[in-house]
Amino acid sequence: MSNIGIQQKVGVRQNLLQDASKRNKLNGILPFAGLLLVILFFTIVTGGSILDAQNLNNLLHQSFTVVIVAVGAVFVYSHGGMDMSLGALQGITQLGAAWVITSSILPPGLAIPASILIGMLVGTITGGVHVLMGVPAFVASLCVRYICSGITYTVTSKQDIYIPYTEFTQYNSGVIKALVLIVVLAAGYIIFEYTRFGKNLKAIGGNITVAKQSGIATKLNIVLAYAIIGGLVGLTGFFTLTRVGMINASSGQGLELNILTAIVLGGFPLTGGSASRLHSAIIGALTVTVLTNGLTLWGIDPYIIGGIKGLLFILIVGVTYDRSKGKLVL
Amino acid sequence: MQKITLLETKGICKSFGPTHALTNVDITIRRGDILGLIGENGSGKSTFSAIVAGALSPDSGTMQLRGEPYKPSTMVHAQSLNVSMVVQEMGTLPRITVSENIFVGNLHRFKKNGFLDIRKMNSEAAAILKEIGAEDIQPEVFIDQLNFEDRKIVELARAMYNKPDLLIIDETTTALAQKGRTLLYRIIEKMNSENKAVLFISHDLDELMEVCNAVTVLRDGFVIDTLEKDQMSIGKMRSLMVGRELQGNYYRADYDGSYEDEVVLEVNQVTSGPVLENFSMKLHKGEILGIGGLANSGMHELGRVIFGIDKPITGEVILSKNKTRVKNPLTAIRNKMGYVSKDRDKEALIINATIRENIVLSSLRKLQSLLLITAGREKAVTEQQIESMSIKCSSDTQLCRELSGGNKQKVVFAKWLAAQSEILILDCPTRGIDVGVKANMYALMNDLKNSGRSIVMISEELPELIGMSDRIMILKDGALTGEFTRSENLSEHMLIEYMI
């Protein structure tokens, strides 16, 4: 083979290499572009009112829950898990917080740790049922969801529960929420990217057999992931309660779908593994929030908004889901 | 005699991420050809055959079949154009019957009033199986009841049922014993006599010499040369594959066979899995202990039990140093053990993760300080392994699935070396690896031995057991049948006697 021939071939290779890296870059940018597009679209159709001061404040409050729970979802989805109990779980953490607040013995300040603990406990149950009894996470969390919503429904069946929420207005300041957001994001980022726990979860998502054979206590790590998302749901449960001031049978409803949509819109792999990135979930959470907020401002019926999100979810999964696996078989 | 061109490829390119599996590949297959395709792991053989068979589509380039443009979209499509392939890995689908496996993708042929005519399907399947000389396989049994070899034969039947003009066989013979091979060679002969063509991929150069009438050599995705029958010789093929002259022997040169008296690991009366029963052994410091036998002799189960993956039904595995009992992989790893599974892509490597993530996976505990693991420390460990193992990759963050088989195996080894393992359990460490990487692995094992590490090498390859082990234990039906110490006079015959 002549030298010229080899040079030509090397040239062909370089072109192919550039094409491949271009494709990868594009996939990384897509979720950001999606967020910008959503913002741009609603700025136009709402005549700019999505960006006025009042609505920006609304966006902060609305994104608070989704972003914080999305941080927890990173730990669950990165190992290939799934949690369908989130909304109902938030409902009962609110119940717990309300119970502490309205009790005459306990100091109301305990409401925050109480709702976080309840969340962690229920998360541990979900994770525990999943790994110890070998029930798929989807099924285990679905069962837990019905148990939780059953409890909330029973307690609130006679009448909705109210708290004297004027005593908790300090928790509704934008500053407090922004601070909590920053702390949760920073802690989530460090734990997910720079600790053994985060790396273990990605390994479990990549291949659980390999993870086991590499000395990772897979069951413990998985349960811990569900405990974390539960705790974060509890945290948002408290803040939601102090903002709304009441609990009824539908409190928290729809949170799991918002999170699922956020995961998908942000380009977070549904199967978990090595490609899982915290920022993907956050971008997705922001996109979902802006989308919901924008559609509401635009005057769309809330029930139709749910339908739109479902359609969007199918569309994104349909376009991005990796079907190449197993193609070699036939 | 001028042969007629059956398939012609022009300028085929295919890349996986940044890795170029094929670059401008031009190959011509003529009627009556039995064309061998050879090259080291990662040279692009399997990629090329997958493209011809319709399992992958090329990034660029064209193909012509029987003089017409050929662009298969799936393997079923290719098969309808009379191009069939038997794949390297297990290609049968579990939990369905033999005949459903043979006609998978074509079940509509047996539609009768909207239902599947199972009787007709089974009788056609039986006819095909008879035609290829495997009438002992029942079409109506579930595929899971067959052994590995018979499943491969079912795949052959699937490839043959619509009488392909071109049959592609991708490293199938390694999975076949005598019965399967005879059957396969008969099919190849028949294809040849009917003026059809076979594309035959194998690592076994002796086999290629015998079967093929021409070989094409691939290296790093380029076609290097095509040798006609009269030009073929093993030495020439080997040097074209590697790009340099290879020395004949890559095993250990010494016949010393000594190791220290210190016992590092004891297996006491272990019973595990369906066959392994009351098995005991001792592993010494600086010893390479070879474990040989047939696939179902219990030797693979032994490896899993030693590393704590399977719990023994009775008996125990004890680390002599601190009398610790190995209960699970975690205790094993804490006591500096490492395990290389025989099923690399499923059990030893996260193929969709980066080289770095895989290499540091068993060392995360050592890498953390104040509970944090920085990317810098991970990178340092990885770079060191890439360097010392000479892993061919574009960077430490390249995905493992883009690497060739040999380089993947190097990553698996590197993972345990990074964890500073003192005791290594290697289950078929060189399975499906080409000559060049094999030589590296053997040299590495020798170095490890000389630095006082201990190795249990479970292998189905007798030359490797004889060539590398200080001591060989042969298992049959879950029990020890023979034990040999390293010697120049050891032959494969002597070992086989105890295996069967």
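Only a predicted model underlies this, so the values are computations on that prediction, with no experimental measurement involved.

(A) Structural detail: the overall build of chain A. A count of helical and extended segments in chain A gives 12 helices and 2 strands. What you see in chain A, going N to C, is helices and strands ordered as α-α-α-α-α-β-α-α-α-α-β-α-α-α. For chain A, buried positions account for 47% of its 330 residues. Across chain A, the fraction of contacts at a sequence separation of at least 24, relative to all contacts at a separation of at least 6, is 78%.

(B) Layout of the environment of Asn162(B). All names here are of chain B. Assignment of secondary structure puts Asn162 in the loop between α5 (148-160) and β9 (166-170). On a C-alpha basis, the gap between Asn162 and Ile128 in space is 9.4 Å, while along the polypeptide they are 34 residues apart. Contacts of Asn162, omitting those with residues within four sequence positions, involve Gln79, Ser80, Asn82 and Ser84. Here Gln79 takes part through its backbone oxygen, which lies 2.7 Å from a polar atom of the side chain of Asn162.

(C) Up close: the interface of chain A and chain B. Opposite the 30 residues of chain A that make contact, chain B presents 50 residues. When the two sides are added together, the surface that chain A and chain B hide from each other amounts to roughly 3,400 Å², 62% of it contributed by carbon and sulfur. Taken together, the links from chain A to chain B amount to 1 salt bridge. A salt bridge links Glu378(B) to Lys199(A), with the nearest nitrogen and oxygen atoms 3.0 Å apart. Where chain A touches chain B, the interface holds 6 residue pairs in polar contact (both at pLDDT 80 or more). The set of elements that each furnish at least two residues to the side of chain A that touches chain B consists of α1 (3-45), α6 (174-194), α7 (196-206) and α8 (208-213) of chain A. Of the residues belonging to the side of chain A that touches chain B, the class tally is 13 nonpolar, 9 polar and 8 charged.

(D) Inspection of the nonpolar core at higher detail. If you look at the biggest cluster of nonpolar residues, it comprises 143 residues, and the most contacted ones within it are Ile259(A), Leu265(B), Val267(B), Met281(B), Ile291(B), Ile306(B) and Met337(B). By residue number, the principal contributor to this core is helix α2 (residues 53-78) of chain A, which donates 12 residues. When neighbours within four sequence positions are excluded, Ile259(A) is seen to be in contact with Val66(A), Val69(A), Ala70(A), Ala73(A), Tyr77(A) and Leu86(A). Core analysis: the second largest hydrophobic core is formed by 45 residues, Ile137(B), Ile188(B), Val198(B) and Val242(B) among them.

(E) Spotlight on the domain arrangement of chain B. Domain parsing of chain B yields domain 1 (5-242) and domain 2 (263-499). Using only C-alpha atoms to locate each centre, domain 1 of chain B and domain 2 of chain B end up separated by 32 Å.

(F) Structural view of the packing of helix α3 (residues 86-102) of chain A against helix α10 (residues 255-265) of chain A. Residues and elements named next belong to chain A. Viewed as axis vectors pointing N to C, α3 and α10 meet at an angle of 135 degrees, and their least axial separation amounts to 6 Å. With respect to each other, α3 and α10 are oriented oblique. Note on element contacts: α10 touches α3 through Leu255, Glu256 and Ile259, opposite Leu86, Gly87, Ala88 and Gln90. Each residue belonging to the contact of α3 with α10 can be placed in one class, and the counts come to 4 nonpolar, 2 polar and 1 charged.

(G) Representation of the pairing of strand β14 (residues 276-284) of chain B in the model. Sheet topology places strand β13 (residues 263-272) of chain B next to β14(B); 6 bridges connect them, and they run antiparallel. Residue pairing for β14(B): Leu265(B) is matched across the bridge by Leu283(B).

(H) Highlighting the sheet that holds strand β10 (residues 197-201) of chain B. Residues and elements named next belong to chain B. A sheet is described by the order of its strands in space; here 6 strands give the open sequence β6-β9-β10-β3-β11-β12, paired in mixed fashion. This sheet does not close on itself; its edge strands, each paired only once, are β6 (83-86) and β12 (222-228). The sheet shows a mean angle of 20 degrees between the axes of neighbouring strands, taken without regard to direction. Pairing between strand β3 (residues 34-38) and strand β11 (residues 214-219): 4 bridges, direction parallel. The partner of Ile38 across the bridge, within β11, is Val217.

(I) Here's a closer look at the packing of α3(A) against helix α5 (residues 137-155) of chain A. All names here are of chain A. For the pair α3 and α5, interaxial distance at closest approach is 8 Å and the crossing angle is 40 degrees. Relative to α5, the element α3 is oriented oblique. Crossing of α3 against α5: the hand is left-handed. On α5, the residues that touch Ala88, Leu89, Gly91, Ile92 and Leu95 of α3 are Arg145, Cys148, Ser149, Ile151, Thr152 and Val155. When the residues that make up the contact of α3 with α5 are grouped by side-chain class, the tally is 7 nonpolar, 3 polar and 1 charged.

(J) Inspection of the confidence of the model for chain A at higher detail. All names here are of chain A. For chain A, the mean per-residue pLDDT works out to 87, and 88% of the residues sit at or above 70. A low-confidence stretch, residues 1-7 stays under pLDDT 50, and its non-local contacts, those more than four residues away or across chains, total 3 contacts. Between residues 323-330, whose pLDDT stays under 50, and residues either more than four places distant or in other chains, the model counts 13 contacts.

(K) Structural context of a nonpolar patch on the surface. Residues and elements named next belong to chain A. Residues Trp99, Ile105, Leu106 and Leu110 make up a contiguous nonpolar surface patch of about 460 Å² in total accessible area. Within the element layout of this structure, Ile105 appears in the loop between α3 and α4 (111-132). The exposure class assigned to Ile105 is exposed, which follows from its relative accessible area of 77%.

(L) Geometry of helix α9 (residues 218-244) of chain A. Residues and elements named next belong to chain A. The terminal C-alpha atoms of α9 lie 39 Å apart, and with 27 residues this matches the ideal 39 Å at 1.5 Å per residue to within 8%. Taken across its 27 residues, α9 has 20 buried, putting it largely inside the fold. The positive-phi residue at the C-terminal boundary of α9 is Gly245, with phi of around 85 degrees.

(M) The pairing of strand β20 (residues 454-459) of chain B, seen in detail. Residues and elements named next belong to chain B. Within β20, 6 of the 6 residues are buried, leaving the element largely enclosed by the surrounding structure. Side chains of β20 alternate between two faces, with Ser454, Val456 and Ile458 and Ile455, Met457 and Ser459 buried alike. As paired elements, strand β19 (residues 423-427) and β20 share 5 bridges and run parallel to each other. Its bridge partner being in β20, Ile425 is matched across the sheet by Val456. Between β19 and its parallel partner β20, the chain crosses via helix α16 (residues 435-450), and the hand of that crossover is right-handed.

(N) Structural context of the sheet that holds β13(B). Residues and elements named next belong to chain B. The antiparallel open sheet is built from 4 strands, whose spatial order is β14-β13-β16-β17. Edge positions in the open sheet fall to β14 and β17 (324-325), since each of these has one partner strand only. With 2 bridges connecting them, strand β16 (residues 314-319) and β17 associate as antiparallel partners. From the neighbouring strand, Leu319 faces β17, where its bridge partner is Thr324. Packed onto the sheet, helix α9 (residues 299-306) meets β13, β14 and β16 and runs at close to 120 degrees relative to β13.

(O) The arrangement of the confidence of the model for chain B in detail. When pLDDT is averaged along chain B, the result is 88; 96% of the residues meet or exceed 70. Ranking the helices and strands of chain B by mean pLDDT puts β19(B) first, with 96, and helix α18 (residues 492-499) of chain B last, with 81.

(P) Seen up close, the environment of Cys212(B). Residues and elements named next belong to chain B. Along the chain, the position of Cys212 falls in the loop between α7 (205-211) and β11. Judged by its relative accessible area of 1%, Cys212 falls in the buried class. Each C-alpha atom of the pair Cys212 and Gly180 lies 18 Å from the other, and the pair is 32 residues apart in sequence. The residues touching Cys212, leaving out its near neighbours within four places in the chain, are Ile34, Leu35, Gly36, Phe200, Lys229 and Met232.

Each value, and the rule that gives it
- Residues numbered from 1 in each chain as written.
- Chains lettered and ligands numbered in written order.
- Predicted model: local features only at pLDDT ≥ 70, side-chain atom pairs only at ≥ 80, totals over all residues.
- Heavy atoms only, no water.
- Helix = DSSP H or I, 4+ residues; strand = E, 2+ residues; numbered from the N terminus.
- Buried < 20%, exposed > 50% of the residue type's maximum accessible area, 1.4 Å probe, protein only.
- Contact = heavy atoms within 4.5 Å.
- Polar contact = N/O pair within 3.5 Å; in protein donor to acceptor, adjacent residues only side chain to side chain.
- Buried area = accessible area lost by both parts, 1.4 Å probe.
- Salt bridge = Lys/Arg side-chain N within 4 Å of Asp/Glu carboxyl O.
- Nonpolar A, V, L, I, M, F, W, Y, C, P; charged D, E, K, R; others polar.
- Core = buried A, V, L, I, M, F, W, Y, C linked by side-chain atoms within 4.5 Å.
- Domains from an automatic or database assignment.
- Axes fitted to C-alpha atoms, helices over the stretch in contact; angles between N-to-C directions.
- Parallel < 35°, antiparallel > 145°, perpendicular 65-115°, else oblique.
- Pairing = 2+ DSSP bridges.
- Left-handed = near helix turned anticlockwise from the far one by under 90°.
- pLDDT = per-residue confidence, 0-100.
- Patch = residues over 30% accessible without salt bridge, like charges linked within 9 Å, V, L, I, M, F, W, Y side chains within 5 Å.
- Areas by Shrake-Rupley, 256 points an atom, 1.4 Å probe, with all protein chains shown as cover.
- Expected span 1.5 Å × (residues − 1).
- Right-handed = clockwise from strand over helix to strand, strands pointing away.

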